[in-house]
Amino acid sequence: MKKFQVLVMLLWLSVCLAGAVESKIQLVHGPYLQNLGPDEVTIVWLSDKPSVGWVELAPDDDTDFYATERPKYYDARNGVKNTSTIHTVKIKGLKPGTNYRYRVFVQEVLSHIGHKVIYGNYASTDVYSKKPLVFKTSNPADNAVSFAMVNDIHGKNDVLTNLVSKCDLEKTDFFLFNGDMVSVFNEENHIFDGFMDTATKLFASEIPMYYTRGNHETRGAFATEFQRYFSPKEENIYYMFRQGPICFVILDTGEDKPDSDIEYAGITVYDEYRTEQAEWLRQVLDSKEYKEAPFKIVVAHIPPIGGWHGNLEVENKFMPLLRDAKPDVMLCGHLHRFIHQEATAQTPFPIIVNSNTAVLKATADPKELKIQVVDVDGKVLDQFSIKK
């Protein structure tokens, strides 16, 4: 009988220990970089259990990461650390054109009742057995910039991997995701299984990605959660930024059919949204940052080409302002085919519609912007330059 009781006790202990091992908190997605600028960056990562999170930052010098306690930047809101599985930290006060090493942490929150908080295990990115992750802030004063753009991936990780392989990551400052990276947003896994885990594995922990929402990201029960993962610390998901000699204006073109269409079930108000965005666009196109940049690029998922409602909204609400502001080029997607529309008397800048099976690569200095479009087979679909 005693032997039986001992065996039962041992079995119970083994089950408890196994459960403890299985329940240890983990980092499950990320980290990846968002909205990197000359003096700031936002870092996003996810854990599998509710937790508090923070980023530790170190200069990219010869010191070991463990040489001293590194400053911590917490995922917090209004003075309270967030307990969540999604962690976002915006670090400010950085130096332009400077490399920084970092690691992200989480600590599980087992219970929070009143003023009593019970914490569990930690998890973090590895700085012991591998080199710490590194990012470099942008610098508007740089004389050169290099970037790449993909769009309309629709959850095809093999296509994304193929297109990224066409880029020299050592010489690529950032990526543009120009919409429709998934087909529908019904749950969180659609983001990470669809493209973001692949992007993180390939580059996004150290090379920033700027996201232009497409019409398919607006679909599904999870669509309203988009900004928790992309541009999470920004006021809007349309925005402007400067990298080297280029000023980028990122537009959000919304859906491609009228708000009253049966497909949207009465849940959308994109006509009003684009009208509000046009007022913002009017202001940024008149800004010093836009006007003083040697080159200006507008990024929008839906092009002003075609007769659908979304195309016409872009044409009627955004294009009159853009024609007056005269950007150097407009980069679009959406149509799943490549189009190079040359500048005309009416539209004094070219419009490039990238296909869903090609990557657009670009480099620029203050005198010349070079653009090349390469498909999944390595064939050059287009190559041109704009000179000042």
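Residues numbered from 1 in each chain as written. Predicted model: local features only at pLDDT ≥ 70, side-chain atom pairs only at ≥ 80, totals over all residues. Heavy atoms only, no water.

### Some details on the environment of lysine 233
In this fold, lysine 233 is placed in the loop between β12 (209–211) and β13 (239–243). Lysine 233 sits in the partly exposed class, given a relative accessible area of 30%. When the C-alpha atoms of lysine 233 and glutamine 34 are compared, they prove to be 9.0 Å apart, with 199 residues separating the residues in sequence. The contacts of lysine 233, once residues within four sequence positions are left out, are Thr42, Asp75, Ala76, Thr88, Val89 and Lys90. (Helix = DSSP H or I, 4+ residues; strand = E, 2+ residues; numbered from the N terminus. Buried < 20%, exposed > 50% of the residue type's maximum accessible area, 1.4 Å probe, protein only. Contact = heavy atoms within 4.5 Å.)

### Observations concerning helix α3 (residues 188–204)
Every α-helical turn comprises 3.6 residues, leaving residues that sit three or four positions apart pointing alike. Over its 17 residues, α3 extends only 18 Å from the first C-alpha to the last, a length that falls short of the 24 Å expected when each residue adds 1.5 Å. Taken as a whole, α3 carries its principal kink of about 50° at methionine 196. For α3, the complete set of buried residues consists of Ile191, Phe192, Gly194, Phe195, Met196, Thr198, Ala199, Thr200, Phe203 and Ala204. Where the residues of α3 are buried, they touch β1 (27–34), β2 (40–59), α2 (157–164), β11 (174–177) and β12. (Expected span 1.5 Å × (residues − 1). Bend = angle between axes of the 7 residues up to and from the residue.)

### Topic: the UniProt feature "domain: Calcineurin-like phosphoesterase" (unreviewed entry) in the protein
Under the local residue numbering, the UniProt record ascribes the feature "domain: Calcineurin-like phosphoesterase" (unreviewed entry) to residues 147–337. Here residues 147–337 is 33% helix and 16% strand, with 21 Å between the C-alpha atoms at its ends. (UniProt positions renumbered as here; feature names shortened; annotations may be inferred.)

### Topic: unusual backbone geometry
A cis amide bond, omega 0°, links glycine 30 with the succeeding residue proline 31. Summarising the element assignment, proline 31 is placed in strand β1. Unusually for a residue other than glycine, asparagine 78 sits at a positive phi of about 55°. Structurally, asparagine 78 can be placed in the loop between β4 (76–77) and β5 (80–81). Assessed through its relative accessible area of 77%, asparagine 78 is described here as exposed. One non-glycine residue, aspartate 152, lies in positive phi territory at about 55°. As for its placement among the helices and strands, aspartate 152 is situated in the loop between β10 (145–150) and α2. For aspartate 152, a relative accessible area of 2% translates into the label buried.

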